[in-house]
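One letter stands for each residue in the lines below.
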Amino acid sequence: SPSSSPPASSLSPLESTMKRVEAIFRSRLFVPSTLTFKITRSDYTCLKVFRLAARLGGRHLRELRLDGSDYGLTTSICDLSLCSRLEILNLRACRGLKDISILEECRFIKELELNSETLEDISPLSCLTQLRKLTLTCPRLKQLNLKVISKLHSLQELSIRHNSHVEHLDFLLGLRDLKKLELTFLSSLHDATSLNTLPQLSKLKVLGCSRVVITNKLPVTNHDY
């Protein structure tokens, strides 16, 4: 019977690459533990990459990075349910992401970057008890949404970027192991007193937060404010 697969000439560059890499994987020559994709064309959708990662790596996959300048419109990362052993997840190329509930099944994540213009709920992060490094570039997150960060007691590095809703830093309370903190372009931030509750803080970067005054009495050895 005729093959149902589309002719090679009709495949996008990403689809062609996916087929070649998947063929190698099926030959059992290797099982990938790291996949890195740079999204540079509009037809390179993040959703296709998630499905590829799930098929190729599955529970063997430890690191997945999606990066690039021409961002996909992915709103769901449900395919990550097959990658429950992930330790490093970079979703910089997923600016349309709306739902991260599937991360509740990825409890081994140690490093996470979210860059979404639509994400409003990050409560699933409370399940990531091993998280060491978190970067959030999510302008729609409200002050209340950030409260979940205070439950991430293993956190050592935190970056909060480009958000006009953050007024204070009470979500830092309880982060006694936090060593590095970056606060950039938080235009409404005016209360930074919670910084004094971080005994391990050694590096602090504050940029574009014109309403807040940072005291020089903070116990940091490396600062930029």
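Cut-offs and rules
- Residues numbered from 1 in each chain as written.
- Predicted model: local features only at pLDDT ≥ 70, side-chain atom pairs only at ≥ 80, totals over all residues.
- Heavy atoms only, no water.
- Phe/Tyr/Trp six-rings, centres within 6.5 Å; stacked < 30°, edge-to-face > 60°.
- Lys NZ or Arg CZ within 6 Å of the ring centre and 35° of its normal.
- Pairing = 2+ DSSP bridges.
- Helix = DSSP H or I, 4+ residues; strand = E, 2+ residues; numbered from the N terminus.
- Buried < 20%, exposed > 50% of the residue type's maximum accessible area, 1.4 Å probe, protein only.
- Salt bridge = Lys/Arg side-chain N within 4 Å of Asp/Glu carboxyl O.
- Contact = heavy atoms within 4.5 Å.

J.: With reference to specific residues and values, describe the packing of aromatic side chains.
T.: Scanning the model with the defined rule gives 0 aromatic pairs in all. When the ring centre of Phe 108 is taken as reference, the NZ or CZ atom of Arg 85 above it lies at 3.9 Å.

J.: Explain the pairing of strand β6 (residues 157-161) to me, and be specific about the residues and the numbers.
T.: For a regular strand, side chains alternate in direction, first toward one face of the sheet and then toward the other. Here strand β5 (residues 133-137) runs beside β6; their pairing, made up of 4 bridges, is parallel. Its bridge partner being in β6, Leu 136 is matched across the sheet by Ile 160. Pairing of β6 with strand β7 (residues 180-184), which is carried by 5 bridges, proceeds in the parallel orientation. Bridging from a neighbouring strand, Leu 158 pairs with Leu 181 of β7.

J.: For the pairing of strand β4 (residues 111-115), give the residues involved together with the corresponding values.
T.: Within β4, 4 of the 5 residues are buried, which leaves the element mostly enclosed by the surrounding structure. In the sheet, strand β3 (residues 88-91) pairs with β4 via 4 bridges, with the strands oriented parallel. Opposite Leu 91, over in β4, you have Leu 114 as the bridge partner. Relative to β5, β4 runs parallel, the two being bridged by 5 bridges. When the bridges of β5 are listed, Leu 114 appears paired with Leu 136.

J.: Give a detailed account of the pattern of salt bridges, specifying residues and quantitative values.
T.: All chains considered together, the criterion is met by 5 salt bridges. Glu 117 is paired through a salt bridge with Arg 95; the nearest N and O atoms lie 2.0 Å apart. In this pair, Glu 117 sits in the loop between β4 and β5 while Arg 95 sits in the loop between β3 and β4, placing the two residues 22 residues apart along the sequence. Relative accessible area serves as the criterion here: at 39%, Glu 117 is assigned to the partly exposed category. As a salt-bridge pair, Lys 133 and Glu 157 come within 4.0 Å of each other at their nearest N and O atoms. With a gap of 24 residues between them, Lys 133 in strand β5 and Glu 157 in strand β6 connect regions that are remote in the sequence. On the accessibility criterion, Glu 157 (28% relative accessible area) is partly exposed.

J.: I'd like a description of the environment of Val 166, backed by residues and values.
T.: Topologically, Val 166 is positioned in the loop between β6 and β7. For the pair Val 166 and Leu 144, spaced 22 residues apart in sequence, the C-alpha separation works out to 9.0 Å. Not counting the four nearest positions on each side in its chain, Val 166 is found in contact with Gln 143, Leu 146, Phe 171, Leu 186, Ser 188 and Leu 189.

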